[in-house]
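Commentary on secondary and tertiary structure
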Amino acid sequence: DTGVSQNPRHKITKRGQNVTFRCDPISEHNRLYWYRQTLGQGPEFLTYFQNEAQLEKSRLLSDRFSAERPKGSFSTLEIQRTEQGDSAMYLCASTPGQEKAETQYFGPGTRLLVL
Amino acid sequence: DAKTTQPTSMDCAEGRAANLPCNHSTISGNEYVYWYRQIHSQGPQYIIHGLKNNETNEMASLIITEDRKSSTLILPHATLRDTAVYYCIVRATNSGNTPLVFGKGTRLSVIA
């Protein structure tokens, strides 16, 4: 399967702990997006990378959140000092980055539960 | 990007066509209509998109009204595996890197 992959698929943590998620985009896709989805809502944009450069951040991305894409391939999303309100599905998507208005392809997501 | 309005939920009998409506009355001439779906506990899956003309692929058909203010996604022979939340999204053709803006979508239940 050459789609977007995310790890882990599920994560349970205690409040105050740090967690890190990984996203591997489709091979040679230059653009990578992170979204968050809470129960009953559609996904909401968090941040976006063009190669290794983080070009846009949503106001949802508090200072406890940090995302990286050091070599322009996989990306990590870290949440420090987790809170119960961080419980959500974290989704990653990628696009080739060659054209305008490209279709975004999503991974299966990482479901986070903060106790 | 223009806002979309979709019914909260719909039911469809297995084997019948599922017709999912979407209103986008404020759509502008340079905005696509995209459809994604999300099966329980999975990431959103791209279905189809169109600008002015009707479109068809192996998954579905997209019918866009002449004034472009509404559209209908058609799953010609719904199966139980089509049970999902369906999102209608309007996106500018020159949107470049902008993220998708999801609403709450329509929860389609295909019933045996």
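Our subject in this report is the structure included herewith. Along each chain, residues carry numbers from 1 onward, in the same order as the chain's sequence is written. Starting at A for chains and at 1 for ligands, labels are handed out in the order in which the entities are written. Local features are withheld for residues below a pLDDT of 70 in this predicted model, meaning they are given only at 70 or higher, and side-chain atom pairs are given and counted only at 80 or more; totals for whole chains, interfaces and linings count all residues. With hydrogens and water set aside, each side-chain value is computed from the structure's full complement of heavy atoms.

In this section: the overall build of chain B. A run of H or I in DSSP counts as a helix once it spans at least four residues, and a run of E counts as a strand once it spans at least two, with each numbered from the N terminus. When you go through chain B residue by residue, the secondary structure sums to zero helices and nine strands. Radius of gyration: over C-alpha atoms. The globule rule applied is 2.2 Å multiplied by the number of residues raised to the 0.38 power. What you see for chain B is a C-alpha radius of gyration of 13 Å, in line with the 13 Å of a compact globule of 112 residues. Dimensions of chain B along its principal axes, counting C-alpha atoms only, are 40 × 30 × 25 Å. Buried, partly exposed and exposed residues are distinguished by accessible area as a fraction of the type maximum, computed with a 1.4 Å probe on protein chains only: under 20%, between the cut-offs, and over 50%, respectively. Across the 112 residues in chain B, those meeting the buried criterion constitute 45%. Here the analysis covers contacts within chain B between residues at least 6 apart in sequence; of these, 57% occur between residues at least 24 apart. Contacts are assigned to residue pairs that have any heavy atoms within 4.5 Å of one another.

Residue and element names in this part refer to chain A. Two strands form a pair only when DSSP identifies at least two bridges running between them. The strand order across the open sheet formed by four strands is β1-β3-β8-β7, and the pairing between neighbours is antiparallel. A strand with exactly one partner marks an edge of an open sheet, and here the two such strands are β1 (5–7) and β7 (65–68). Averaged over neighbouring strand pairs, the angle between their axes works out to 15 degrees when direction is ignored. Direction of pairing for β7 relative to strand β8 (residues 75–79): antiparallel, over a ladder of four bridges. Looking at β8, one finds that phenylalanine 65 is bridged to isoleucine 79. Working convention: axes come from line fits to C-alpha atoms, limited for helices to the stretch in contact. Angles between N-to-C directions cover 0 to 180 degrees.

All names here are of chain B. Here we have four strands laid out as an open sheet, ordered β2-β7-β6-β5, and antiparallel in their pairing. For this open sheet the edge positions go to β2 (18–23) and β5 (55–56), each flanked by a neighbour on one side alone. Summarising the sheet, β2 and strand β7 (residues 70–75) pair through six bridges and their orientation is antiparallel. The partner of cysteine 22 across the bridge, within β7, is serine 71.

The subject of this paragraph is the interface of chain B and chain A. Across the contact, 24 residues belong to chain B and 24 residues belong to chain A. On the chain B side of the interface with chain A, the three residues burying the most area are Pro44(B), Asn97(B) and Pro99(B), jointly 28% of the side's total. Each salt bridge in this description consists of a side-chain nitrogen of Lys or Arg and a carboxyl oxygen of Asp or Glu lying within 4 Å of one another. The interface formed by chain B and chain A includes zero salt bridges. By the criterion applied in these results, polar contacts are pairs of N or O atoms within 3.5 Å in which, for protein atoms, one can donate a hydrogen and the other can accept it, and in which residues neighboring in sequence qualify only through two side-chain atoms. At the junction of chain B with chain A, the criterion picks out six residue pairs in polar contact (both at pLDDT 80 or more). Of all the elements in the fold, those that place two or more residues in the side of chain B that touches chain A are β3 (31–38), β4 (45–50) and β8 (84–92) of chain B. The residue makeup of the side of chain B that touches chain A, split by class, is 10 nonpolar, 12 polar and two charged. Once two parts are brought into contact, the accessible area they lose, counted with a 1.4 Å probe and summed over both, makes up the buried area. Any residue that is not Ala, Val, Leu, Ile, Met, Phe, Trp, Tyr, Cys, Pro, Asp, Glu, Lys or Arg is counted as polar, Gly included; the first ten are nonpolar and the last four charged.

In this section: a nonpolar patch on the surface. A patch consists of residues exposed above 30% relative accessible area that lack any salt bridge, with like charges linked at up to 9 Å and nonpolar side chains (Val, Leu, Ile, Met, Phe, Trp, Tyr) linked at up to 5 Å. Computed with the Shrake-Rupley method and a 1.4 Å probe, the accessible areas treat only the protein chains shown as cover for residues. Residues Ile12(A), Leu113(A) and Leu115(A) make up a contiguous nonpolar surface patch of about 300 Å² in total accessible area. For Leu115(A), a relative accessible area of 51% translates into the label exposed.

Now for the state of the cysteines. Residue and element names in this part refer to chain A. Cysteine sulfurs are considered disulfide-paired once they come within 2.5 Å of each other. The full count for this structure, using the stated rule, is two disulfides over all chains. Shown here is the disulfide that connects cysteine 23 with cysteine 92, its sulfur atoms set 1.8 Å apart. Classification of the bridge connecting cysteine 23 and cysteine 92 rests on its S-S torsion, roughly -65 degrees, and on that basis the disulfide is left-handed. Pair noted here: cysteine 23 is in strand β3 (residues 19–24) and cysteine 92 is in strand β9 (residues 88–95), with a separation of 69 residues, a long-range link. The burial state of cysteine 23 is the same as that of cysteine 92; both residues are buried.

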